[in-house]
Amino acid sequence: MKKHKKNNLLITGGAGFIGCNFVKMLLEDMRIDDLNLVVLDNLSYCGNLQNLDFARNYSNYVFIKGDICDRVLLDKIFAENEINGVINFAAESHVDRSIHDSEPFLRTNVGGTLALLDMSVKHNVKKYLQVSTDEVYGSLSAAEPAFTEQNYIKPRSPYSASKASADHFVMSYYATHNLPVVITRCSNNYGPNQFPEKLIPLMVLNAMEDKDLPIYGDGRNIRDWVYVGDHCAAIWNAFECGNVGEVYNVGGNCELTNLQIVTKILDVLGKPESLIKYVADRPGHDRRYAMNSDKITRELGWKPKVGFEDGFAATIEWYKKNYEWCRKIRSGEYLEYYRRQYENI
Ligand code: NAD
Ligand code: TYD
């Protein structure tokens, strides 16, 4: 890999859903010349090297299989690649798993972030961006206004508690060590390559296979959906132009109930509503998320570009075309997880 370029970026969690779309945007769509990418991912159950197949021929890209908690490895990576920017996507990301076992969330989301922060201070990194989530703000009632960056941090699941804790560490490194940090907090993403344990891909694949679509509770919980490509653009914008020490909310301005999403999937795939199965609610299920993205629009000029109808159709089409990708993933550990999560509810 060529050295001494302007940006030698460490992208963690790049083999996951949002990370691989982000790497694709930088390498294939933006074709930024002045950039070296080191992607670090431990290829946990949801990390998939196949997601990064497209990147193999780029001379300014390397993949390293490894854990963000491994400080010896991080030190070596930072030194050998002269890393001067970090974008941290790596995380345990599924609320349902955090309910079964919270410990991996503490380890990766908090401990791993802390290791990256320490290495970023040690190696004098010029920008550190933490990819965070709207879930750190907790849950809204139907009447409350969308979350702004001023809302209290009030996480309610072990997943969101670990992400909130990481955010606090990130901000503390800005105040204490002067590390130039930026945090983005985004709402629910949808798009290609999402692991089929999350709502949209799970329901699309189940519907394609005429299996039950398990809706938690009354199905009226609301999420604010944003296309993954728009989230990636917001992250790059915030990384390049965001003011240090700042948080930027990112949302799709697209609030839908889970029932609306699932009905739409059935409609697009031409499947009957009789596939819908109401199951026991998720413990502590957040009722509503909604993001106010005025700050990133006003300060950095970012806005979501992909409308829900277009993004949704493209996403379903992607899952249809990449059924083999899904089939491979839905084996082994996934089947064990699926049985545990859905058989007794
Ligand atoms: P994902 O679960 O698809 O991907 C996470 C990636 O991190 C995987 O490739 C996994 O192998 C890797 N990883 C996990 N633990 C690791 C470790 N210890 N060391 C190295 N790599 C590790 O998740 P995603 O949906 O792509 O989310 C990426 C980030 O965006 C997360 O930080 C998540 O909290 C945040 N986020 C996600 C959403 C969403 O809707 N998916 C919304 C807002 C924020
Ligand atoms: P999910 O994709 O897990 O994202 P998050 O909980 O981080 O928002 O779930 C999105 C919504 O869909 C959430 O309200 C829970 C609901 N849901 C179901 O009703 N059934 C399911 O099988 C799954 C996975 C989610």
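Everything below is about the structure printed above this text.
## Comments concerning the packing of aromatic side chains
- In this structure the tally under the stated criterion is 16 aromatic pairs.
- Ring centres of tyrosine 216 and tyrosine 342 lie 6.4 Å apart, and the angle between their planes is 20°; on these two criteria the pair is classed as stacked. With tyrosine 216 in strand β8 (residues 213-216) and tyrosine 342 in helix α12 (residues 333-342), this pair connects stretches of sequence that are 126 residues apart. For the residue pair tyrosine 216 and tyrosine 342, the accessibility class agrees, reading buried in each case.
- When the ring of tyrosine 319 is compared with that of tryptophan 325, the centres are 6.4 Å apart and the planes differ by 65°; the resulting orientation is edge-to-face. Residues tyrosine 319 and tryptophan 325 agree in their burial class; the two are buried.
- Every member of this aromatic cluster is reached through a ring pair, and the members are Tyr45, Phe195, Tyr216, Tyr334, Tyr338 and Tyr342.
- The ring of tyrosine 45 has arginine 97 sitting right over it, with the charged end atom 3.5 Å from the ring centre.
- Sitting over the face of the ring of tyrosine 337, arginine 97 holds its NZ or CZ atom 4.2 Å from the ring centroid.

## Here we look at the pairing of strand β2 (residues 35-41)
- Most of β2 is tucked away: 7 of the 7 residues are buried.
- Here strand β1 (residues 7-12) pairs with β2 via 6 bridges, running parallel. Across the sheet, residue asparagine 8 finds its bridge partner in β2, namely asparagine 36.
- Traced from β1 through helix α1 (residues 17-30) to β2, the parallel crossover comes out right-handed.
- Here β2 runs beside strand β3 (residues 61-65); their pairing, made up of 5 bridges, is parallel. Residue pairing across strands places leucine 40 opposite isoleucine 64, the latter belonging to β3.

## Description of the site of ligand 1
- Taken together, 28 residues surround ligand 1, and among them Ile18, Asp41, Ser93, Tyr159 and Lys163 come closest.
- Contact distances for ligand 1 include 3.1 Å between an oxygen atom and a backbone N or O atom of phenylalanine 17.
- Take lysine 163: an N or O atom from its side chain is 2.7 Å from an oxygen atom of ligand 1.
- In isolation ligand 1 offers 830 Å² of accessible surface; the protein chains occlude 97% of this area.
- Residue assignment for the shell around ligand 1 shows that the elements contributing at least two residues are α1, β5 (127-133) and α5 (158-177).
- Of all the elements, β5 adds the most residues to the shell around ligand 1, at 3 residues.

## Comments concerning the nonpolar core
- Core analysis: the largest hydrophobic core is formed by 38 residues, its most contacted members being Ile11, Phe22, Val23 and Ile87.
- Breaking this core down by element, the ones donating at least two residues are β1, α1, β2, β5, β6 (181-186), α7 (228-241), β11 (246-250) and α9 (294-300).
- No other element matches the 8 residues that α1 contributes to this core.
- With sequence-adjacent residues up to four places away left out, phenylalanine 22 is seen in contact with Ile11, Ile87, Phe89, Cys232, Ile235 and Trp236.
- Core analysis: the next-biggest nonpolar cluster, separate from the first, contains 35 residues, Ile200, Leu256, Ile316 and Tyr334 among them.

What counts, and where the lines are drawn
Going along each chain's sequence as written, the residues are numbered from 1 onward. Each chain takes a letter, starting from A, and each ligand takes a number, starting from 1, following the order in which they are written. In keeping with the model being predicted, local features are shown solely for residues with a pLDDT of at least 70 and side-chain atom pairs are shown and tallied solely at 80 or more, while totals for entire chains, interfaces and linings include all residues. The side-chain quantities take in all heavy atoms of the structure and omit both hydrogens and water. Only Phe, Tyr and Trp rings are paired, with Trp represented by its six-membered ring, and only when their centres lie within 6.5 Å; those with planes under 30 degrees apart are stacked, over 60 edge-to-face, the remainder tilted. Only DSSP runs of H or I reaching four residues or more are called helices, and only runs of E reaching two or more are called strands; each is numbered from the N terminus. Between buried and exposed lies partly exposed: a residue is buried under 20% and exposed over 50% of the maximum accessible area for its type, with that area taken using a 1.4 Å probe on protein chains only. A ring has a charge above it when a Lys NZ or an Arg CZ is no more than 6 Å from the ring centre and no more than 35 degrees off the ring normal. Any two strands with at least two DSSP-identified bridges between them are counted as paired. When the strands point away from the viewer and the connection leading from the first strand across the helix to the second strand turns clockwise, the crossover is called right-handed. Put simply, a residue is near a molecule or strand once any heavy atom of it comes within 4 Å of that molecule or strand. Distance and chemistry together define a polar contact, namely a pair of N or O atoms within 3.5 Å, with one atom able to donate a hydrogen and the other to accept it when in protein, and with adjacent residues in sequence counting only for side-chain atoms on both sides. The Shrake-Rupley method, run with a 1.4 Å probe, gives the accessible areas here. Residue values count only the displayed protein chains as cover. By nonpolar core we mean a set of buried residues, namely Ala, Val, Leu, Ile, Met, Phe, Trp, Tyr and Cys, connected to one another through side-chain atoms within 4.5 Å. Contact definition: two residues touch when any of their heavy atoms are within 4.5 Å.

Function cannot be read off these values alone, since they describe shape.
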